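Residue strings, one per chain:
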Amino acid sequence: MEKDENLFGRQWVIEQSNNTIMDQTTKVRAIKDKVCQRCQQTVTGMLPNNKSYCRKCIGLGRIDDSNWLVRYKEQEKSGYPVSDDKILSWRGKLTPEQAIVSQKLQQSLKERRNHLVHAVTGAGKTEMLFEVINTALMRGLRVALATPRIDVVNELYPRLSTAFNTIEIGKYHGKTFNEPKNHQFIICTTHQLLKFYHTFDLLIIDEVDSFPYVNNPMLLAGAKFSVKKDGVQFFLTATPDSHLLAQAKSKKIDYSVLNRRFHGGLLPIPQNQFYLKPFITKKKINYKLLNTINRLLKLNKPILIFLPRIAELNDYKVSLEKSCPKLRVESVYAGDKQREEKVQKFRNNKIDLLLTTTILERGVTFPHVQVIVVAADDRIYTTPSLVQIAGRVGRSKDDKEGNVIFCYHRYTKNIRLANQQIRKMNQ
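Only a predicted model underlies this, so the values are computations on that prediction, with no experimental measurement involved.

Caption draft 1: Here's a closer look at the UniProt feature "domain: Helicase C-terminal" (unreviewed entry) in the chain. Per the UniProt entry, the sites bearing "domain: Helicase C-terminal" (unreviewed entry) are residues 291-427 in this numbering. As a span, residues 291-427 carries 36% helix and 15% strand, and end to end its C-alpha atoms are 32 Å apart.

Structure follows, in structure tokens:
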């Protein structure tokens, strides 16, 4: 069979009875020694016909003992055009601090060294990537920018498409289906990396400490095997974990830190509110919390309210609609079929107040937004997630300040450490 260039660097599942042969492909047993060859995890599932199957990566389609995993060899570097002309169409200017990080990233690419960028929320991490991505594309290298959250993919895609408007960028995540194409540059969720094998010369993982990527062996393996053997990984985050920091400290990977936002403003310091009574009872919001919401509404700015449980979203929505009949209020969560539409409406100021879970804790920008975290003492809120949530505020150049309010019954260690970390980065 003739080669299909759109499948370069990809891997997919076929039945063992399928004798289709394509140029430059190899076939391996989908499950070998009880290990799934797609996600590299131990197989524990069993079908009625006694065939083993992988539960870990079943979201990408079932893979079992009766399957082959087909891998289409990535093309050589010369397969993409090498150019002396800049592919980057962005004409903005980096701050001196951002420019230093940008130069260090280009040096890491040149030396084929992994690199951690530790930058506060709102530091302009995306813009700092532009030059190194441009360099990679001009050299004919293949690039992927991956992030754990769909919402972050949706936010990054238009920004990168504008910055590199002379090329077509691939966009892949689980909420939309696109036929595979031989894109030199793609933006995707970290789950999508499991569809590639030794493909990318440069893999950039944004929000590397975020759920579901962090501490997830399957996604870590997917990222590792999607990169060529001599490929490079860049890790971006405002809240790196101890493992990455240890690698940086021991100089196993390169390291850059930036503790100022692109506009020079400080991170917003959270206001801490103690509550003795429940936040909501019989679909009626606590009067103290309602007063706080009304105070922020008077600012005529969009409000994000984070709740720890999906089941609570509707109760808060009903209560707010009764208390404020003219308020345009919506709720959104990971499984919401209108998730992308609602987030865009909020960004376009067609929603006044958006109730949300932690899906919007990081990687998204809403101009002038104010934030309330209800039950900040809930175990779902880690120190990094609280820092990230606080970082949604004050990101606009023309509005560097704003309100971040942590509401709680107990002043937990995570809340205390989040406050300390924000103050430390502001020093």
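Caption draft 2: Examining the environment of Ser-250 more closely. Within the element layout of this structure, Ser-250 appears in the loop between α5 (242-249) and β14 (254-258). At a separation of 3.1 Å, a polar atom in the side chain of Ser-250 contacts the main-chain carbonyl oxygen of Gln-247.

Caption draft 3: A look at the sheet that holds strand β7 (residues 67-72). What the three strands build is an open sheet, ordered β1-β7-β2; its pairing is antiparallel. If you trace the sheet from one side to the other, it starts and ends with β1 (11-15) and β2 (25-29), each paired once. The average angle at which neighbouring strand axes cross in this sheet is 30°, direction not considered. Across five bridges, the pairing between β2 and β7 is antiparallel. In the sheet register, Arg-29 faces β7, and the bridge partner there is Trp-68.

Caption draft 4: Up close: the packing of helix α3 (residues 150-163) against helix α8 (residues 339-347). Direction vectors running N to C along α3 and α8 enclose 55°, while the axes themselves pass 11 Å from each other. Taken together, the axes of α3 and α8 are oblique relative to one another. Crossing geometry of α3 relative to α8 is assigned as right-handed. Here Ile-150, Asp-151, Asn-154 and Glu-155 of α3 lie close against α8, whose contacting residues are Arg-339, Glu-340, Val-343 and Arg-347.

Reading the values: the criteria
- Residues numbered from 1 in each chain as written.
- Predicted model: local features only at pLDDT ≥ 70, side-chain atom pairs only at ≥ 80, totals over all residues.
- Heavy atoms only, no water.
- UniProt positions renumbered as here; feature names shortened; annotations may be inferred.
- Helix = DSSP H or I, 4+ residues; strand = E, 2+ residues; numbered from the N terminus.
- Polar contact = N/O pair within 3.5 Å; in protein donor to acceptor, adjacent residues only side chain to side chain.
- Pairing = 2+ DSSP bridges.
- Axes fitted to C-alpha atoms, helices over the stretch in contact; angles between N-to-C directions.
- Parallel < 35°, antiparallel > 145°, perpendicular 65-115°, else oblique.
- Left-handed = near helix turned anticlockwise from the far one by under 90°.
- Contact = heavy atoms within 4.5 Å.

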